[in-house]
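Architecture at a glance
Each chain, written out:
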Amino acid sequence: MITTTKHDDWLFEQLKDANFAAEFLNAASEDDDPKTYLAALRKVVDARGGMASTAEKAQLSRETLYRTLSSRGNPTIKTLNAVLKATGLKFGITAH
């Protein structure tokens, strides 16, 4: 019998790895639509501790974090940096 894993379940497990999560976010940042990055960051947050834990570590309310990572979110650099740090990641800049 062949067993299969749903894509979302597989992705959730992969995003627990910091290097995979970083590459996932780097790939999302290539899209011109900021909603893509926010959706990807929300998946990372879910996999790397969840919304409540990440909000606490980032010193944000849970409601603020949900709003920030929604499709209508417009986070500041300070907020993004705090969320990334709370998930064990950080910004990096490279030449292209």
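The structure displayed is predicted, hence computed values, not measured ones. (Residues numbered from 1 in each chain as written. Predicted model: local features only at pLDDT ≥ 70, side-chain atom pairs only at ≥ 80, totals over all residues. Heavy atoms only, no water.)

1. Section: the overall build of the protein chain
The secondary structure content of the protein chain amounts to 6 helices and 0 strands. Each helix and strand of the protein chain, placed in order from N terminus to C terminus, yields the pattern α-α-α-α-α-α. The globule rule puts the C-alpha radius of gyration for 96 residues at 12 Å, and the 14 Å found for the protein chain is close to it. By principal-axis analysis of the C-alpha atoms, the protein chain measures approximately 50 × 35 × 25 Å. Evaluated residue by residue, the protein chain yields a buried proportion of 30% over its 96 residues. The long-range share in the protein chain, meaning contacts at least 24 apart out of those at least 6 apart in sequence, stands at 51%. Accessible surface, the protein chain as shown: approximately 6,900 Å² in total, 51% of it carbon and sulfur. Considering the protein chain, the positive charge centre built from 13 side chains and the negative charge centre built from 12 side chains are found 8 Å apart. (Helix = DSSP H or I, 4+ residues; strand = E, 2+ residues; numbered from the N terminus. Rg over C-alpha atoms; globule rule 2.2 N^0.38 Å. Buried < 20%, exposed > 50% of the residue type's maximum accessible area, 1.4 Å probe, protein only. Contact = heavy atoms within 4.5 Å. Areas by Shrake-Rupley, 256 points an atom, 1.4 Å probe, with all protein chains shown as cover. Lys, Arg positive; Asp, Glu negative; His and termini not counted. Charge placed at Lys NZ, Arg CZ, Asp CG, Glu CD.)

2. Some remarks on the nonpolar core
Leu-25, Leu-41, Val-45, Leu-65 and Leu-69 are the most contacted members of the largest nonpolar core, which totals 20 residues. For this core, the secondary structure elements donating two or more residues are helix 2 (18–29), helix 3 (34–47), helix 4 (51–57) and helix 6 (77–86). (Core = buried A, V, L, I, M, F, W, Y, C linked by side-chain atoms within 4.5 Å.)

3. Remarks on the layout of surface pockets
Its boundaries defined by the atoms lining it, the largest pocket holds a volume of some 440 Å³. Lining the largest pocket are 14 residues, and of these Asn-26, Ser-29, Phe-91, Gly-92 and Ile-93 sit closest to its centre. No other element matches the 4 residues that helix 2 contributes to the lining of the largest pocket. Tallied by class, residues from the lining of the largest pocket come to 7 nonpolar, 5 polar and 2 charged. If you add up the space inside the second largest pocket, you get close to 190 Å³. Lining the second largest pocket are Ala-28, Ser-29, Asp-31, Asp-33, Pro-34, Tyr-37, Leu-38, Asn-74, Pro-75, Leu-80 and Phe-91. (1 Å grid on protein atoms, 1.4 Å probe; cavity = no way out; pocket = protein on both sides within 12 Å on 5 of 7 lines; lining within 4 Å. Points joined across faces, edges and corners; volume = space filled by probe spheres on them. Nonpolar A, V, L, I, M, F, W, Y, C, P; charged D, E, K, R; others polar.)

4. Focus on the packing of helix 2 against helix 3
For any two helices packed against each other, one specifies the inter-axial angle together with the distance between the axes. Where helix 2 meets helix 3, the closest approach of the two axes is 8 Å, and the angle between their N-to-C directions is 165°. The angle between the axes of helix 2 and helix 3 places the two elements in the roughly antiparallel class. Here helix 2 and helix 3 pass one another in a crossing that is right-handed. Contact residues: helix 2 offers Ala-21, Phe-24, Leu-25, Ala-28 and Ser-29, while helix 3 offers Thr-36, Tyr-37, Ala-40, Leu-41, Lys-43 and Val-44. Per-class residue counts for the contact of helix 2 with helix 3 are 8 nonpolar, 2 polar and 1 charged. (Axes fitted to C-alpha atoms, helices over the stretch in contact; angles between N-to-C directions. Parallel < 35°, antiparallel > 145°, perpendicular 65-115°, else oblique. Left-handed = near helix turned anticlockwise from the far one by under 90°.)

5. Here's the deal with helix 2
Counted at 1.5 Å a residue, the expected span for helix 2 with its 12 residues is 16 Å, and the 16 Å between its end C-alpha atoms agrees. Three or more residues of helix 2 are buried, namely Ala-21, Leu-25 and Ala-28. Considered in projection along helix 2, the buried side chains sweep an arc of 60° and stay on one side of the axis. Facing away from the buried side of helix 2 by more than 90 degrees, the exposed set consists of Asn-19, Glu-23 and Ala-27. On its buried face, helix 2 is in contact with helix 3 and helix 6. Looking at where helix 2 begins, the residue whose side-chain oxygen comes 3.3 Å from the main-chain nitrogen of Asn-19 is Asp-17. (Expected span 1.5 Å × (residues − 1). Arc of directions from axis to C-beta. Polar contact = N/O pair within 3.5 Å; in protein donor to acceptor, adjacent residues only side chain to side chain.)

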